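Overview (structure and organization)
Now for the letters of each chain:
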Amino acid sequence: MSKEVSLEVVQLELLLGLADLIAQGFETALLAALEELDGRVLFNRRLDGDPRFQRVAAVMVGPEADVALVFLDHSGTTIQVENAGDSGRTIAREAEKARDRVVSETP
């Protein structure tokens, strides 16, 4: 079921769009953006064999613990952000489960 994309997911996409991925690297740029948004990495992994992307990170942002997928292309210069709630990818369900575990463990 589709839902509105949160302001924090949009902000994340904008912050990453302004980042210098070559100078900072994917993880550093992602962590810097999440620090601005008080967000958290759920996982960050390689995507071996994917035709478009080399990495994906699942992140949690905002007061509603929205989950976004952040993909890095093979050139290492372009990022694509997807709202996990709107994604049909299997990894989006995995990301939402990771969020649910984190939320349930938080006092």
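Described in the following lines is the structure provided in the data block. (Residues numbered from 1 in each chain as written. Predicted model: local features only at pLDDT ≥ 70, side-chain atom pairs only at ≥ 80, totals over all residues. Heavy atoms only, no water.)

With that settled, the discussion passes to the sheet that holds strand E3 (residues 66-73). The sheet built from 4 strands is open, its strands ordered E1-E2-E3-E4 with antiparallel pairing. Of all strands in the sheet, those bounded by a partner on one side alone are strand E1 (40-46) and strand E4 (79-83). Adjacent strand axes in the sheet meet at a mean angle of 20°, parallel and antiparallel pairs treated alike. Direction of pairing for E3 relative to E4: antiparallel, over a ladder of 5 bridges. Across the sheet, the residue bridging to Leu69 is Glu82, located in E4. (Pairing = 2+ DSSP bridges. Helix = DSSP H or I, 4+ residues; strand = E, 2+ residues; numbered from the N terminus. Axes fitted to C-alpha atoms, helices over the stretch in contact; angles between N-to-C directions.)

Let's shift gears to the environment of Ser104. Examined against the element boundaries, Ser104 turns out to sit in helix H4 (residues 90-105). Of note is the side chain of Ser104, whose polar atom sits 2.9 Å from the backbone oxygen of Arg101. (Polar contact = N/O pair within 3.5 Å; in protein donor to acceptor, adjacent residues only side chain to side chain.)

Taken as a whole, this structure holds 5 salt bridges when the rule is applied. Here Asp48 and Arg46 are joined by a salt bridge, their closest N and O atoms 2.9 Å apart. With respect to burial, Asp48 and Arg46 carry one shared label: exposed. Here Arg93 makes a salt bridge to Glu96, at a shortest N to O gap of 3.0 Å. (Salt bridge = Lys/Arg side-chain N within 4 Å of Asp/Glu carboxyl O. Buried < 20%, exposed > 50% of the residue type's maximum accessible area, 1.4 Å probe, protein only.)

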